[in-house]
Amino acid sequence: MPPPDKVLGTAISVAAYMGRVDEVSKAGEVTTTLWERPNGCEGLTTLSVPEHFGGQTPAVGDLLWICTWVDVAPTGHRKDGFHIEVETRKLTDDDRARLNSLLAEIKGIAK
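Sequence order as written defines the numbering, with residues in each chain counted from 1. Reporting in this predicted model follows two pLDDT cut-offs: at least 70 for local features of residues, and 80 or more for side-chain atom pairs to be given and counted; totals over whole chains, interfaces and linings ignore these cut-offs and use all residues. Excluded from the side-chain calculations are hydrogens and water; all other atoms, namely the structure's heavy atoms, are used.

## As for the overall build of the protein chain
Next up, step 1: Numbering of helices and strands runs from the N terminus; a helix is a DSSP stretch of H or I covering at least four residues, while a strand is a stretch of E covering at least two. Across its full length, the protein chain holds two helices and five strands.
Next up, step 2: Starting at the N terminus and walking to the C terminus, you meet the elements of the protein chain as β-β-β-α-β-β-α.
Next up, step 3: A compact globule built from 111 residues should have a C-alpha radius of gyration of about 13 Å, whereas the protein chain, at 19 Å, is more than 25% larger.
Next up, step 4: Along the three orthogonal principal directions, the C-alpha set of the protein chain runs to about 70 × 30 × 25 Å. Atoms counted for the radius of gyration: C-alpha only. Globule rule: 2.2 Å times the number of residues to the power 0.38.

See the structure below:
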């Protein structure tokens, strides 16, 4: 659902997507793989850091929760709505140590 503070009238044609950041260009374009919820249809899109992320650049691998809708005001005026939340994954020192241990084990098996 769209955030209530972003809807001025009535939200119709609401769609929800989950995405993963695949690439971030120096020009501020974010290439993202999207999955429509709940049916799982997959797509690819490019989003703009200034327009869609408020100037905060996401990292490759970040998860995106995206909601789109059409906002219909009481006057009948329609406006497209868009909201995105970025879920970042930060590794702790323990996480890094565990990954390094697994990598060393895999390298040992591959020899």
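## Some points on the sheet that holds strand S1 (residues 10-24)
Next up, step 1: Should DSSP find at least two bridges between two strands, the strands are regarded as paired. The strand order S3-S2-S1-S4-S5 describes an open sheet built from five strands, whose pairing is antiparallel. At either end of the open sheet lies a strand with only one pairing partner, and these are strand S3 (42-48) and strand S5 (78-87). Adjacent strand axes in the sheet meet at a mean angle of 35 degrees when their direction is disregarded.
Next up, step 2: Bridge count between S1 and strand S4 (residues 63-72): nine bridges; the pairing is antiparallel. Bridge pairing in S4 places Ala16 opposite Cys67. Where helices are involved, their axes are fitted lines through C-alpha atoms of the stretch in contact, as for all axes, and angles between N-to-C directions lie from 0 to 180°.

## With respect to the state of the cysteines
Note on terminology: disulfide describes a covalent bond linking the sulfur atoms of two cysteines.
Next up, step 1: Any pair of cysteine sulfurs within 2.5 Å is marked as a disulfide. Overall, the coordinates contain zero disulfides when judged by the stated rule.
Next up, step 2: No disulfide involves Cys41; its sulfur sits 17 Å from that of Cys67, the nearest cysteine.
Next up, step 3: Residue class for Cys67 comes out buried when judged on its relative accessible area of 7%. Burial classification: accessible surface area is computed with a 1.4 Å probe over protein chains only, and a residue below 20% of its type maximum counts as buried, one above 50% as exposed, and the rest as partly exposed.

## Some words on the pattern of salt bridges
Next up, step 1: Put simply, a salt bridge is a Lys or Arg side-chain nitrogen that is within 4 Å of an Asp or Glu carboxyl oxygen. Overall, the coordinates contain two salt bridges when judged by the stated rule.
Next up, step 2: The partner of Asp22 in a salt bridge is Arg20, and the shortest N-O contact between them spans 3.1 Å.
Next up, step 3: Judged by its relative accessible area of 29%, Asp22 is partly exposed.
Next up, step 4: Looking at Arg20, the relative accessible area reads 34%, which means it is partly exposed.
Next up, step 5: Across the salt bridge formed by Asp95 and Arg98, the nearest N and O atoms sit 2.5 Å from each other.

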